[in-house]
Amino acid sequence: MSVTADVVVVGLGAVGSATLHRLAMRGVRAIGIDRFHPPHDRGSTHGDSRITRLAIGEGAAYVPMVQRSHEIWRELESQTGETLFQQIGMLIIAEGDGAPSHGQAGFLGSTIAIAQSHDIPHELLDSAEIRHRYPQFQVRDAERGYFEPSAGVLSPERCVAVQLRLAQSLGATVRTGETVLSITPSGSGVAVETDQGRIEAARVILTAGAWLPGLAGGHISRVTSVERQTLLWFETDEPELYHPARCPVFIWQHGPRLEDYLYGFPLLPGTSGVKAATERYAGHTHPDEIDRVVSEEEVRTTYQLHIASKLRGVSDRLVKAATCLYTVTPDAHFIVDRLWENDAVIAASACSGHGFKHSPAMGEHLATLATEPAAAYEPAFALSRFGAAA
Ligand SMILES: Cc1cc2nc3c(=O)[nH]c(=O)nc-3n(C[C@H](O)[C@H](O)[C@H](O)COP(=O)(O)OP(=O)(O)OC[C@H]3O[C@@H](n4cnc5c(N)ncnc54)[C@H](O)[C@@H]3O)c2cc1C
């Protein structure tokens, strides 16, 4: 039997849950569908913590989005009493302008430039000052730091749960454990076929994360890759050094290469280990084929290459490990675009490893695009930047 909706949101992770909430706030008849039961650990939105920062070294277009997102997190917290955002500051450590990351040649340099051009409060620290303030970071003499006090840590699972709950309380329908199989034109709208039925909608928003390339096909599948990442939590023998009051979230570019990259978090309430992770761009993994087990060899190598000589008091005793997925574009910028000429389907891939912090503002933007015919798409996120669709 077919049901109808104004808008169907496919995928209820970081971006989809925010989009559904914003649609419900507008009084739109919206249905959100997810193949799993969000928040879950199969996609890109799990692992206890995400970094947020205002000086977005990835590019100036992201600054208003993250500023709006910080407002929304605080609104959601005051509405629900939940803690979503802990403003404990962030330190980026690197030599000179840093190494390449997220599409920027020197990520530390591009972050500092954005902070300066947007008047974002920050401090620049030399290695002696870093050692004095943060003795847990064993920096080299040539390294320097960028400290941003307004940055901090978000709780991804809680953010998704809160937004889905609020969306439902405003009348949105949430259907979980249901997989969307296809999207086809139907009159001036869209027919959504799932493994459990059919929905007729005026508009569909695809926020399927690592499954978006497979679902959208065409140009998107050609310009994205899915990358397996690992997250590791280690015991520390000096827990006082990693208390959130003494330890900010950190990004450490400890060499000139893309892979000389470590980021991590202090001992957050409810966690028993220091979380540390790297970034890898190894291949084009399909989300359903990814190896979800972190091997002992991966743990050993990550510890030796990235942690042993850098994080004082962090032992090699593993507390927990997880895998997580990046959906990556060649320039590390998002994709937000119409899929069909008639605007009935909007696709959003807001990842490339840096999308969570922007997700509530992105949800607001997608809800606007779906409901206001005159709303403008952000040119920086257009698919056409990769050339014409083949
Ligand atoms: C290890 C790691 C660390 C990161 N660190 C940061 C960070 O510190 N700061 C930051 O800002 N960003 C970070 N990111 C990026 C950020 O987490 C992602 O950009 C964001 O979570 C992506 O959300 P999404 O909604 O696009 O995808 P997801 O949250 O994965 O949601 C997609 C949803 O679609 C559903 N779905 C897929 N196919 C279908 C279908 N056919 N039918 C129904 N449902 C479907 C899936 O089940 C899933 O729930 C990190 C990402 C990873 C993996």
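Residues numbered from 1 in each chain as written. Predicted model: local features only at pLDDT ≥ 70, side-chain atom pairs only at ≥ 80, totals over all residues. Heavy atoms only, no water.

## Digging into the sheet that holds strand S3 (residues 50-52)
Then comes step 1: Strand order in the open sheet made by the three strands is S3-S8-S4, with antiparallel pairing throughout. What marks the edges here is a single partner per strand, and that holds for S3 and strand S4 (85-86).
Then comes step 2: Both S3 and strand S8 (residues 152-154) contribute to a ladder of three bridges, which runs antiparallel. The residue of S8 that forms the bridge with threonine 52 is glycine 152. (Pairing = 2+ DSSP bridges. Helix = DSSP H or I, 4+ residues; strand = E, 2+ residues; numbered from the N terminus.)

## Some points on the site of the ligand
Then comes step 1: Close contacts around the ligand come from 35 residues, with Asp34, His40, Thr45, Ile51 and Cys324 the closest.
Then comes step 2: A distance of 3.0 Å separates an oxygen atom of the ligand from a polar atom in the backbone of phenylalanine 356.
Then comes step 3: A distance of 2.8 Å separates an oxygen atom of the ligand from a polar atom in the side chain of lysine 357.
Then comes step 4: Here the ligand, which alone exposes 1,000 Å², has 97% of that area covered by the protein. (Near = heavy atom within 4 Å. Polar contact = N/O pair within 3.5 Å; in protein donor to acceptor, adjacent residues only side chain to side chain. Areas by Shrake-Rupley, 256 points an atom, 1.4 Å probe, with all protein chains shown as cover.)

## So, unusual backbone geometry
Peptide bonds are mostly trans, and most non-glycine residues show a negative phi.
Then comes step 1: With an omega dihedral of 0°, the bond running from proline 38 to proline 39 counts as a cis peptide bond.
Then comes step 2: With respect to the element layout, proline 39 can be found in the loop between strand S2 (30-34) and S3.
Then comes step 3: At serine 352, a residue that is not glycine, the phi angle is positive and equals roughly 50°.
Then comes step 4: With respect to the secondary-structure elements, serine 352 resides in the loop between strand S19 (345-349) and helix H9 (359-371).
Then comes step 5: Residue class for serine 352 comes out buried when judged on its relative accessible area of 2%. (Buried < 20%, exposed > 50% of the residue type's maximum accessible area, 1.4 Å probe, protein only.)

## Side note on the sheet that holds strand S7 (residues 143-148)
Then comes step 1: An order of S6-S7-S5-S14-S15-S16-S13-S17 is seen for the eight strands of this open sheet, with the pairing classed as mixed. Looking at which strands have only one partner, the edges of the open sheet turn out to be strand S6 (123-125) and strand S17 (314-328). The mean inter-strand angle of the sheet, taken between neighbouring strand axes irrespective of direction, is 20°.
Then comes step 2: Sheet analysis places strand S13 (residues 225-236) next to strand S16 (residues 274-277), joined by four bridges and oriented antiparallel. (Axes fitted to C-alpha atoms, helices over the stretch in contact; angles between N-to-C directions.)

## Some thoughts on the nonpolar core
Then comes step 1: Ranked by internal contacts, the top residues of the largest apolar core, which has 62 residues, are Tyr146, Tyr263, Met362 and Leu366.
Then comes step 2: With six residues, the single largest contributor to this core is H9.
Then comes step 3: Per-domain counts for this core show at least three residues from each of domain 1 (2-46 + 156-223 + 331-386) and domain 2 (88-151 + 225-328).
Then comes step 4: Not counting residues up to four positions away in its chain, the partners in contact with tyrosine 146 are Ala55, Met90, Leu91, Ile92, Leu108, Thr111, Ile112, Ala115, Ile120, His122, Glu123 and Leu124.
Then comes step 5: One finds Val10, Ile33, Leu206 and Ile290 within the second-largest nonpolar core, a separate group that totals 28 residues. (Core = buried A, V, L, I, M, F, W, Y, C linked by side-chain atoms within 4.5 Å. Domains from an automatic or database assignment. Contact = heavy atoms within 4.5 Å.)

## Points about the packing of helix H1 (residues 14-25) against H9
Then comes step 1: For the pair H1 and H9, interaxial distance at closest approach is 7 Å and the crossing angle is 55°. Regarding the angle of H1 to H9, the classification is oblique. Of the two elements, H1 crosses H9, and the hand of that crossing is right-handed. Taken together, the residues of H9 that come into contact with H1 (itself represented by Ala14, Val15, Ala18, Thr19, Arg22 and Leu23) are Ser359, Pro360, Met362, Gly363, Glu364, Leu366, Ala367 and Thr371.
Then comes step 2: A per-class count over the contact of H1 with H9 returns eight nonpolar, four polar and two charged. (Parallel < 35°, antiparallel > 145°, perpendicular 65-115°, else oblique. Left-handed = near helix turned anticlockwise from the far one by under 90°. Nonpolar A, V, L, I, M, F, W, Y, C, P; charged D, E, K, R; others polar.)

## What to know about the domain arrangement of the protein chain
Then comes step 1: Each domain of the protein chain was delimited in the assignment, giving domain 1 (2-46 + 156-223 + 331-386) and domain 2 (88-151 + 225-328).
Then comes step 2: In this structure, domain 1 and domain 2 have C-alpha centres spaced 30 Å apart.
Then comes step 3: The interface is formed by 19 residues belonging to domain 1 together with 15 residues belonging to domain 2.
Then comes step 4: Carbon and sulfur atoms supply 53% of the area that domain 1 and domain 2 bury against each other, a total of about 1,300 Å² over both sides.
Then comes step 5: If you look at where domain 1 meets domain 2, you find one salt bridge.
Then comes step 6: Counting across the interface, domain 1 meets domain 2 through seven residue pairs in polar contact (both at pLDDT 80 or more). (Buried area = accessible area lost by both parts, 1.4 Å probe. Salt bridge = Lys/Arg side-chain N within 4 Å of Asp/Glu carboxyl O.)

## Remarks on the packing of H1 against helix H5 (residues 156-169)
Then comes step 1: Closest axis-to-axis distance for the H1/H5 pair is 8 Å, and the angle between their directions is 25°. In terms of orientation, H1 lies roughly parallel with respect to H5. Crossing of H1 against H5: the hand is left-handed. Counting all contacts with H1, which are made through Ala14, Ser17, Ala18, Leu20, His21 and Ala24, the residues of H5 involved are Val160, Gln163, Leu164, Leu166 and Ala167.
Then comes step 2: Partitioned by chemical class, the residues of the contact of H1 with H5 number eight nonpolar, three polar and no charged.

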